[in-house]
Every structure is written in C-alpha cells, then in structure tokens.
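Understanding the architecture of this molecule
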Number of protein chains: 2
Amino acid sequence: MIPQSLREEMALRISRIANRMKTQGIDAILVSDNANLYYTSGRVFSGYTYITADGAATYFVRRPVGLQGENVKYIRKPEQIAEMLQEKPAVLGLELDVTPYGIVERLMKVFAGAKIANGSVIMRQARAVKTDFEIEKIRESGVHHDMAYSRIPRIYKGGMTDVELQVEIERVLRNEGCLGLFRVSGGSMELFMGNLLTGDNADNPTPYDFAMGGAGLDASLPVGCNGSEIVPGSTVMVDMCGNFTGYMTDMTRVFYVGRLDDTARKAHELSIAIHYRLAKEFHAGCEAKKMYEVAVAMVEEAGLSDYFMGHTQKAGFIGHGVGIEVNELPVLAPRSRDVLEEGNVIAIEPKFVIPHVGAVGIENTYLVRKDGLECLTKSPEDISELYYY
Amino acid sequence: MIPQSLREEMALRISRIANRMKTQGIDAILVSDNANLYYTSGRVFSGYTYITADGAATYFVRRPVGLQGENVKYIRKPEQIAEMLQEKPAVLGLELDVTPYGIVERLMKVFAGAKIANGSVIMRQARAVKTDFEIEKIRESGVHHDMAYSRIPRIYKGGMTDVELQVEIERVLRNEGCLGLFRVSGGSMELFMGNLLTGDNADNPTPYDFAMGGAGLDASLPVGCNGSEIVPGSTVMVDMCGNFTGYMTDMTRVFYVGRLDDTARKAHELSIAIHYRLAKEFHAGCEAKKMYEVAVAMVEEAGLSDYFMGHTQKAGFIGHGVGIEVNELPVLAPRSRDVLEEGNVIAIEPKFVIPHVGAVGIENTYLVRKDGLECLTKSPEDISELYYY
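Residues numbered from 1 in each chain as written. Chains lettered and ligands numbered in written order. Predicted model: local features only at pLDDT ≥ 70, side-chain atom pairs only at ≥ 80, totals over all residues. Heavy atoms only, no water.

1. What to know about the overall build of chain A
Counting its regular elements, chain A contains 10 helices and 19 strands. At 22 Å, chain A has a C-alpha radius of gyration in line with the 21 Å of a compact globule built from 389 residues. Overall size of chain A, expressed as C-alpha extent along the three principal axes, is 70 × 40 × 35 Å. On chain A, roughly 14800 Å² of surface is accessible, and the fraction owed to carbon and sulfur atoms is 48%. Between the averaged position of the 41 positive side-chain charges in chain A and that of its 51 negative side-chain charges there is a distance of 6 Å. (Helix = DSSP H or I, 4+ residues; strand = E, 2+ residues; numbered from the N terminus. Rg over C-alpha atoms; globule rule 2.2 N^0.38 Å. Areas by Shrake-Rupley, 256 points an atom, 1.4 Å probe, with all protein chains shown as cover. Lys, Arg positive; Asp, Glu negative; His and termini not counted. Charge placed at Lys NZ, Arg CZ, Asp CG, Glu CD.)

2. A closer look at the packing of aromatic side chains
Enumeration over the complete set of coordinates arrives at 14 aromatic pairs over all chains. Plain terms: the ring middles of B:Phe308 and B:Phe352 are 5.2 Å apart, the flat faces sit at 50° to each other, and that makes the pair tilted. Within this pair, whereas B:Phe308 is found in the loop between α10 (288-302) and β12 (319-321), its partner B:Phe352 is found in strand β15 (residues 352-354), the two being separated by 44 residues in sequence. Here B:Phe308 and B:Phe352 have matching classes, each one buried. Taken together through their ring pairs, the aromatic side chains of A:Tyr50, A:Phe60 and A:Phe111 make up a single cluster. (Phe/Tyr/Trp six-rings, centres within 6.5 Å; stacked < 30°, edge-to-face > 60°. Buried < 20%, exposed > 50% of the residue type's maximum accessible area, 1.4 Å probe, protein only.)

3. A closer look at the nonpolar core
Core analysis: the largest hydrophobic core is formed by 150 residues, its most contacted members being A:Leu165 and B:Leu165. With residues up to four places along the chain from it excluded, the contact list for B:Leu165 reads B:Ile155, B:Tyr156, B:Met160, B:Leu196, B:Ile230, B:Val236 and B:Leu386. Ranked by size, the runner-up nonpolar core spans 44 residues in total, among them A:Met212, A:Leu260, A:Ile274 and A:Val299. (Core = buried A, V, L, I, M, F, W, Y, C linked by side-chain atoms within 4.5 Å. Contact = heavy atoms within 4.5 Å.)

4. Describing helix α5 (residues 119-128) of chain A
Along an α-helix, a turn takes 3.6 residues, which lines up residues three or four apart on a common side. Residues and elements named next belong to chain A. Summarising burial for α5: seven of the 10 residues are buried, a large majority. Within the sequence span of α5, burial applies to Gly 119, Ser 120, Ile 122, Met 123, Ala 126, Arg 127 and Ala 128. Taking the backbone nitrogen of Ser 120 as reference, a side-chain oxygen 3.0 Å away marks Asn 118 as the first, capping residue of α5. (Polar contact = N/O pair within 3.5 Å; in protein donor to acceptor, adjacent residues only side chain to side chain.)

5. Looking at the interface of chain A and chain B
A common way to report how large an interface is uses the accessible area buried once the components associate. The partner chain B presents 52 residues to the 52 residues of chain A that form the contact. Each partner contributes to the roughly 4400 Å² buried at the junction of chain A and chain B, and carbon and sulfur atoms together form 59% of this total. Together, A:Tyr101, A:Arg174 and A:Phe192 form the three largest contributors to the area buried by chain A at its contact with chain B, with a combined 16%. Where chain A touches chain B, the interface holds eight salt bridges. Salt-bridge contacts for A:Glu170 lead to B:Arg174; the nearest nitrogen and oxygen are separated by 2.6 Å. Counting only elements with at least two residues in the side of chain A that touches chain B, the list comes to α2 (34-41), α4 (101-110) and α8 (162-175) of chain A. Looking at the side of chain A that touches chain B element by element, the count peaks at eight residues for α8(A). (Buried area = accessible area lost by both parts, 1.4 Å probe. Salt bridge = Lys/Arg side-chain N within 4 Å of Asp/Glu carboxyl O.)

6. Describing the domain arrangement of chain A
Residue and element names in this part refer to chain A. Per the domain assignment, the segments making up chain A are domain 1 (4-127) and domain 2 (132-385). Between the C-alpha centres of domain 1 and domain 2 there is a distance of 33 Å. Contacts between the two partners involve 13 residues from domain 1, matched on the other side by 13 residues from domain 2. In this assembly, domain 1 packs against domain 2 so that about 1100 Å² is buried in total across both faces, 53% of it on carbon and sulfur atoms. Considering only the surface of domain 1 that becomes buried against domain 2, Tyr 38, Arg 124 and Arg 127 emerge as the three largest contributors, covering 43% of it. Along the contact surface separating domain 1 from domain 2 lie two salt bridges. One salt bridge in this structure joins Arg 127 and Glu 325, with 3.0 Å as the shortest N-O distance. Joining domain 1 to domain 2, the criterion identifies four residue pairs in polar contact (both at pLDDT 80 or more). Those elements giving two or more residues to the side of domain 1 that touches domain 2 turn out to be α1 (4-23), α2 and α5. The greatest single-element share of the side of domain 1 that touches domain 2, amounting to four residues, is contributed by α1. (Domains from an automatic or database assignment.)

7. Some details on the pairing of strand β1 (residues 28-31) of chain B
Residues and elements named next belong to chain B. Residues Ala 28 and Leu 30 point to one face of β1 and Ile 29 and Val 31 to the other, with burial holding for every one of them. Bridge count between β1 and strand β5 (residues 91-94): three bridges; the pairing is parallel. Considered in β5, the bridge of Ile 29 is made with Gly 93. (Pairing = 2+ DSSP bridges.)

8. Some points on the pattern of salt bridges
On inspection of all chains with the given rule, the structure shows 39 salt bridges over all chains. Between A:Lys130 and A:Glu328 there is a salt bridge, with the nearest N and O atoms lying 2.7 Å from each other. With a gap of 198 residues between them, A:Lys130 in the loop between α5 and α6 (132-150) and A:Glu328 in strand β13 (residues 328-332) connect regions that are remote in the sequence. The burial state of A:Lys130 is the same as that of A:Glu328; both residues are buried. We note a salt bridge from B:Arg13 to B:Glu9, for which the minimum N-O separation is 2.7 Å. A residue pair is termed a helical-turn pair when its members lie 3 or 4 positions apart in one helix, as B:Arg13 and B:Glu9 do in helix α1 (residues 7-23) at four residues. On the basis of relative accessible area, B:Glu9 is assigned to the buried category, the value being 9%. One network of salt bridges, with partners in common, ties together A:Arg127, A:Lys130, A:Glu325 and A:Glu328.

9. Some points on the relation of the copies chain A and chain B
Superposition of the two copies of the chain requires a rotation about an axis together with a shift along that axis. Each copy of the sequence occupies a distinct position, and chain A is placed on chain B by a rotation of 180° and an axial shift of 0.0 Å, giving an RMSD of 0.0 Å. Both copies of the chain, as the preceding transformation shows, are related through a two-fold rotation axis. Taken as a fraction of all interface residues of chain A, those also at the interface in chain B reach 100%, which identifies the copy contact as same-surface. (Least-squares fit on C-alpha atoms with pLDDT ≥ 70 in both.)

10. Concerning the packing of helix α9 (residues 262-281) of chain A against helix α10 (residues 288-301) of chain A
Residues and elements named next belong to chain A. Where α9 contacts α10, the axes come no closer than 10 Å and their chain directions differ by 145°. As α9 packs across α10, the resulting crossing turns out to be right-handed. Here Leu 270, Ala 273, Ile 274, Arg 277 and Leu 278 of α9 lie close against α10, whose contacting residues are Met 291, Val 294, Ala 295, Met 298 and Val 299. Taken together, the residues of the contact of α9 with α10 sort by class into nine nonpolar, no polar and one charged. (Axes fitted to C-alpha atoms, helices over the stretch in contact; angles between N-to-C directions. Left-handed = near helix turned anticlockwise from the far one by under 90°. Nonpolar A, V, L, I, M, F, W, Y, C, P; charged D, E, K, R; others polar.)

11. A word on the side chain of B:Asp162
Structurally, the position occupied by B:Asp162 is in helix α8 (residues 162-175). No salt bridge is formed by the buried B:Asp162; its nearest oppositely charged neighbour, A:Arg174, is found at 8.9 Å. The contact partners of B:Asp162, leaving out residues within four places of it in the chain, are B:Leu196, B:Thr198, B:Asn201, B:Cys225, B:Asn226, B:Gly227, B:Ser228 and B:Ile230.

12. Thoughts on the pairing of strand β1 (residues 28-31) of chain A
Sheet topology places β1(A) next to strand β2 (residues 46-52) of chain A; four bridges connect them, and they run antiparallel. Bridging across to β2(A), A:Leu30 finds its partner in A:Tyr50.

13. Things to note about the side chain of B:Glu170
Tracing the chain through its elements places B:Glu170 in helix α8. Relative accessible area serves as the criterion here: at 5%, B:Glu170 is assigned to the buried category. A distance of 2.7 Å separates a polar atom in the side chain of B:Glu170 from a polar atom in the side chain of A:Arg174. Residue contacts for B:Glu170: discarding those within four places in its chain leaves A:Arg174, B:Phe192, B:Met193 and B:Met240.

14. Details of the sheet that holds strand β3 (residues 57-63) of chain A
Residue and element names in this part refer to chain A. The strand order β4-β3-β2-β1-β5-β6 describes an open sheet built from six strands, whose pairing is mixed. Edge strands, defined here as strands with exactly one partner in the open sheet, are β4 (72-74) and β6 (115-118). Taking the axes of each pair of neighbouring strands and ignoring which way they run, one obtains an average angle of 25° across the sheet. As defined by bridge partners, β3 adjoins β4 across three bridges and the pair is classed as parallel. Following the sheet pairing, Val 61 is matched in β4 by Tyr 74. Its contacts with the sheet put α2 on β1, β2 and β3, and the angle it makes with β2 is roughly 55°.

Spelled out as structure tokens, the structure:
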C-alpha cells in the first residue's frame, strides 16, 4: 500500500493525528473522505483508514484490487471492519462534517456502543500543519503554476472572450502537469479549474463565499466566465487551478487590455502593498483575524472599501489555508480563532471589484514560518497589459 | 428566481416530487445538494429548496444576493427556515444519502419533533424520469458531444501520450461548450473531465466501480491517463465529459493505432451487437437487470467473459441512469430492482479490457421509450484507425 519512500512520512502524519486524538480523548478515528484517505495513506482508494490513539493505522480497502501490506485488509462492506478489529474503541471519531448522514448511521451500528466524536475537526487541525514533505509538494506546484501563468500574455489574442482565453490557459496548465481537479472540502462548492473574470462579470454574485464572482456559462454552474468579450478598458483576473502534485497552490494574477482605469490601478497596487505588509509583519503565533483587520484598515485608509472583496456581494475573509483542499485551516476572517502555526500554508487574496472595469488584486500562497511568511507563488505581481500578437 | 420560461417546467417537477411524497407519507422535503437545487429551481444557489406535499416550493437562499420572487426568502442560517414557515411538517424528508451528518443533525434540531425520512430516495426516483424539457437538454448535449468527438482523428498526432491527446480533446470539448464539470452524486468518486485509456493502462484497477481503469498521473487522483505513449497495436478508448447543458450524455468511442488485435476487434463488434440487441428488445416496463443478463449471456457465448467489464478488476454493472449526474437511476446491474420507465435516460457501456492491447467497446446514452430505446449519442461506432497527419 505505502511505498518504502513514504513510510516515514505516513508514520509522521499518523503520529500527529494520534497525538491530537489523545488530547481529545478519542480512542480511534475512521476516515473515508478522499482527501483524508490520501493524507493518511499517500493515495486515494475506496475504503477506510482506521487510526488508533497509540499511533497504528489499518487500511480497510474495497478498491482497487491488489494493494499490499501487513496493515491492508480487504473488505466488501463496512460491517466487516468491526469483525476484523481486535479491540473496539470506546470513543470513535468519524468525519461528521463531510460523511453523509446515512453512512455515519451505518457506521454507528457497526461500532454500536462506542461514543461518537467529530473526527473531522482532528483531521482538519492535523492537515493544517504541513510536514516538510507536503511543503515540498506545494512548492513544486508553485513552480509549475508560475510556469503556466508566464505563458498567459502569449496565449491572448485580440477579440477573445473570457472563456476562449480560459480554455487556452486550461490547456497550458494541463500540459504543464496540472491534474485539473480542484479539491474543495464539503462538495457544495463547485467550480471547474478555477475562474477567469473580465469586466462587469466580476461583479456578478455567485452562490459561494468567493471574493470574486462571475455569472458562469450556465445556470447549473453559475460561477466564472460568462462568455464576455475581453474589451479595451477592462481587466482580466486569472485565478486558476494550481493542483500539480495532489497539493495545491492558489494564485491570482491580473492583466488589462487597452487602458487601465486609475482606481483599478490604485486598488491593484494596494493589494500588493497589503501582501507586503502581511508577509513582513505576520508569522507563527499571530492571530489570523489580525491579518484581516490590518488589510481592512489599509483599504479603509485608501477609501476603497466599497470595492474590497467584492462589490455587489462581498466575501467574508481575505485568505484561507490550502493544501490537499483549497478550503483548509487557518481561515483569515474577522471571527476566526485560528492562530498561525509554523507549517501552515495560506493563500492571501485581498481583491477588489471595480464596476465597469473588472477585478484587480493578487493572490499568493505562503508558508508560515517562525519569523515571517515565505511566498511560494512567484509570478510577477504588477498588473500587466495583454497585447494582440 | 425562476424565469418565466421555466415556470411551467419547475411546477411540473415540483408536482412530481410532491406526488411521490404523498404516496410515501412525507409532508415536506428540504434539499440543499447542488444537483437537487438545480433540479428544483433551474439554477444552483447556496441554500435550500423546501417542498410540501401539496406541491408548493419555497427557496431559502443564502447566496447569491439579488434573486427575486415571491417564494424566495433570504436566510443567513438554517435556523431561520423554521421561523419563516407557517406550518411545521410532521414527517420531513432530508437528503440522508448525501448531506453530511453534522448538517443533518443541525436540521433535525431546526425541525425538532418532526419524524425524519430519507428524501434522497424520492429525489433520485423523481429525477430518474426526465421531463420533455430535460430530454431536450440531454439531446442538445449529445449533439455537441458528437461534434467534439468527430474531431478526435484530426487532433491525434503520432508519438502522443495518452494525456497529451486527452488535453487536446478537453480543449475541443470546452470550445464546443462543455462546462467541464462531471457531476457525480456522493462526492467520493472523483475524476476530471472523463478518461482516455490506452494499452495496458486500461487494466490498472481504480478505486471506483468503473468498467475501465487507469492508474492516473498521481496517487491523489488514481484514475485515467498515466502518461503512456500511444503505441502501434494498442487501442485508445475515449470516455469524456458530455456536460454541455447541465445535463450530460455519456459516450465512449474507441480508436486504434497501427494494427488492431483480432480479439479486440471481435470484442468491439460484440459490444456494438449488445447495444443493437438491447436497444431493439428493451423498452419501458422491462426489468433493468435483464439487460445485464442478456449482455452477459452474449459475452459468454462469444467466450469473452474474461475481458468483460474489466479484466484485473471488474465492474458490477453494464449501465446507469444519466442526467444532472452521471450515477442516476436506473442501474443496469444483476441485483437491480429497477424497472425501465418511459423518460428514463440510460448509458449502456458493455466494455472489454484486452491485455496488452487496451479497452474496447462503446457507450451510448439512450432515452427509454414505450417501444424501445432511442439513441442520443450518434457518433460512428466502429473502432477506427488514428493516422498521423
């Protein structure tokens, strides 16, 4: 199941999960969400990872056939898990935040008598602090993400619509090794390989708590591109999928066509200034909500609050953890209780929507260190012009 | 919320859901899954559709801002739903098959005292019988799907890897209007815009109950292309996303390079023969499991059972309902209790994996009619050669 090269890494992750379980009085945890299966085994499979507070992991596998290892046990149905366990947990953590009700009910019967705790919390907390191995994976995604974005100015052609440009960027990302999948926890937030927004479409509100909007091409997926032509005087914001390694970087860059509105330029420069200040002043030990407060204060001082984090509809945060999924801990929001920890990886995205122009502002992914934030997405940050070649 | 043009359509769907609720003694149903929100309102939003057994629908919306209509009520949290309702249901249907446990628990508190039923079943049954409007949407997806597939022979270049060809097909699909999103109920089955399989990679088992396999490019998404070069003597199976309208067609076509193995040719022709026989002999009123039995009998007679529906790992079905999601009712499997109904839309996919050659066999999407099955995916079915241009 786990190749030799990943054994130490998986043991480290399992021990971190087990340590959190001990402090919360949980004897065992059973996970089946793809993101958590991947985190605990190094691959996605159909089945369950069962972790005990003493740091042992057993993989109960339905599919694929052929996985090997002494801690791999094949099952057809979850009822077999209980039969195979030598000891039953008194307190069992299940992924109550993501597993459907019907499946949790079934698992509760399998573990009848066990007290059920919310294992989603432990998994989210454990995953928020990346290991060195994970940081390398994110770093690698950042390099490819940068490479793909560097080609955007050469892809653009005059007269393109937003979706035409997006499709060409998708192709460049995929050829650069992007896996395409934009993993989001919970399943209710749907999008396809990220968004490209131009002009007033950036101000169309979406169903989601996104900084930026977009009406989408169809009512079944009402987010992002809506087929608008990219016209002179408008901006083009690119916020597309950085999943090259199973671990994602989140990065936004902005371009303009023809001429750049003064307010848009000012707002974009302010976004960069917010990044610089946050990256300099924040580090492990700082409160996440303070980052939000600093950003809001800078925006208020510049008189740009009306446009900050959306115009018609505003998002309630300026950043979020990123890793296997794009909505991890910590959350950079006014009511967040998260404190930055060494090894957190966060995306910071102070953005603005300028009516009749479009969206501006950048997003970078940072590694939280003892003494500051290290930027993992290094594409040029200035708003740059797209020329017709 | 609902444009004038969709009012009758939505009223029809709501009345069908309400009729099923009455027969099952359910007073109201509350749905929040994106596929069900789309089905009940014609668009995806963040919030809930509340449907009563007398056929009234109320939309409780969190986002986006600005939706209008007398049956639209804005909420910040689900607790407000109960406050806004004049009458509380004695029996409430919730989506127990898809909604996370924690959210169902919270909704149970909101509707304290109500008996909870599984609304997922009702929604799945209602959605299995497509309305004329939905059938038109699927028909339209089929036309675009065919158009995109027709370009595959011109996209191929000698020396391409599976992923290089897949990326070019993705681009053609997207430029033809494909929304990209491959909607799957449940969230545990992840894939990106479908799969392209060549050679022995088709025999690599996946975590999912798929006919065909593929190791994938990364352990975080172990399905589909694995970077294999497309070499002479191998087949190329294309099973990619047909979501052009919010409603999907599912279609597989196969190509070969250089020369075609005799067994592969025989198996491909058998797949087509199975399609012809099923389309001729089956219609509304027939048992779905009989389709599976007929296919298996034909395969046994031809002596190709070893390769049918996979080789190293086999799938346990030969087809499935398709619509907003790709895993709808009815299920064409040995233990299925489903009976074909007029208005069902089903994908039939008798496929084979031939070791050292690749996958063969086609998949078509059919509308179930009183007197037979109408094919909605009309691309040429023969296995055809890819030439280097």
